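The residues making up each chain are set out below.
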Amino acid sequence: MDRFRPLRRIQVEPEPAEPPAPAAGAGGDAEGNESPAPAAGLLMGARVRRRAAVYRDCKGDYIGVPNDPCLTKILSKQGDNKVLFADKVLKFTQSGKMKRRILVITDFALYLVDPDADILKRRIALAAVDKLCISNLSDNFFAIIVPTEYDCFMASTRKKEIVDVIVKAIKSTSEYEPEVASSNRFEYHAAAEVVKVVEFEDADGIKTRITNKEKS
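Residues numbered from 1 in each chain as written. Predicted model: local features only at pLDDT ≥ 70, side-chain atom pairs only at ≥ 80, totals over all residues. Heavy atoms only, no water.

J.: I tried to follow helix 3 (residues 159-173) on my own but got confused; where do I start?
T.: Residues lying three or four places apart along an α-helix face the same way, a consequence of the helix completing one turn every 3.6 residues. End to end, helix 3 covers 22 Å across 15 residues, agreeing with the expected 21 Å (1.5 Å per residue, within 8%). Residues Lys159, Glu161, Ile162, Val163, Val165, Ile166, Val167, Ala169 and Ile170 constitute the buried set of helix 3. Looking at the buried positions of helix 3, the neighbouring elements they touch are strand 3 (83-92), strand 4 (98-106), strand 5 (109-114), strand 7 (131-134), strand 8 (141-145) and strand 10 (179-182). (Helix = DSSP H or I, 4+ residues; strand = E, 2+ residues; numbered from the N terminus. Expected span 1.5 Å × (residues − 1). Buried < 20%, exposed > 50% of the residue type's maximum accessible area, 1.4 Å probe, protein only. Contact = heavy atoms within 4.5 Å.)

J.: Where do I start with the side chain of aspartate 107 in this structure?
T.: You can see aspartate 107 is positioned in the loop between strand 4 and strand 5. In this structure aspartate 107 is buried but unpaired, with lysine 82 as the nearest side chain of opposite charge at 5.1 Å. Not counting chain neighbours up to four residues away, the residues in contact with aspartate 107 comprise Asp80, Lys82, Leu84, Leu126 and Thr173. (Lys, Arg positive; Asp, Glu negative; His and termini not counted. Salt bridge = Lys/Arg side-chain N within 4 Å of Asp/Glu carboxyl O.)

J.: Teacher, can you tell me more about the nonpolar core here?
T.: Looking at soluble globular proteins, one finds that nonpolar side chains tend to be buried together. Counting 25 residues, the largest nonpolar core has Leu103, Ile105, Leu110, Ile144, Met154, Ile162 and Ile166 as its most contacted members. Contributing elements (two or more residues each) for this core: strand 3, strand 4, strand 5, strand 7, strand 8, strand 9 (152-155) and helix 3. Here the element with the most residues in this core is helix 3; it accounts for seven residues. If we skip the residues at most four places from it in the chain, isoleucine 162 touches Phe85, Val89, Leu103, Ile105, Phe142 and Ser156. Counting 20 residues, the second largest nonpolar core, distinct from the first, contains Tyr188, Ala190, Ile206 and Ile210. (Core = buried A, V, L, I, M, F, W, Y, C linked by side-chain atoms within 4.5 Å.)

J.: Looking at this structure, I do not really get the sheet that holds strand 9. What am I missing?
T.: What holds strands together in a sheet is hydrogen bonding between their backbones, with the strands either parallel or antiparallel. Strand order in the open sheet formed by eight strands is 6-5-4-3-9-8-7-10, with mixed pairing between adjacent strands. Either end of the sheet is taken by a strand with one partner, and the two such strands are strand 6 (119-125) and strand 10. The mean inter-strand angle of the sheet, taken between neighbouring strand axes irrespective of direction, is 30 degrees. Helix-sheet contacts for helix 2 (residues 69-78) involve strand 3, strand 4, strand 5 and strand 6, and the interaxial angle to strand 5 is about 145 degrees. Lying over the sheet, helix 3 contacts strand 3, strand 4, strand 5, strand 7, strand 8 and strand 10, oriented at roughly 125 degrees with respect to strand 3. (Pairing = 2+ DSSP bridges. Axes fitted to C-alpha atoms, helices over the stretch in contact; angles between N-to-C directions.)

Listed below in structure tokens is the structure:
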């Protein structure tokens, strides 16, 4: 059974593709050898979330990590046992393409796993997370800011739950609380030298535009 089904609420209208971005540094989420996804410079729309969805019960593990040999092996190698959250997401590469990922959050780290190849693409220690960026609207997008590496921009229908879980997990193991910045425009580092600007507009449905920041 396919454990990953596409997020149905995201609509994509591709704009002309931008020139290829430089490869990410060693040890990063290497995406270059994977199959193509929609072009960069995406204009995305998402319907406003039903009010009832905001108050739904949080189950945490939505994909059954204990029953998945690949995920349990990845976590056991890192000494992680306590799963706080697990679900399918869409992750954006430095070139703006979307990749399917499984996001697993433990009390020590975030894991991004390729569900097709059963490969760990990236592990982010919770201690390295400095900030989370979201909009003021009912969309699916959020950015995890990691100053010592590069940031991670993703989409999930459970955005609010993911942000809450990350904040609580960091607070429970450290003396600081990461900032949750709400704005209809924010920036994130898709790679060391690649900065993206994310802008949200609430006009006849929520639209999200992702563009490269022009170098000064």
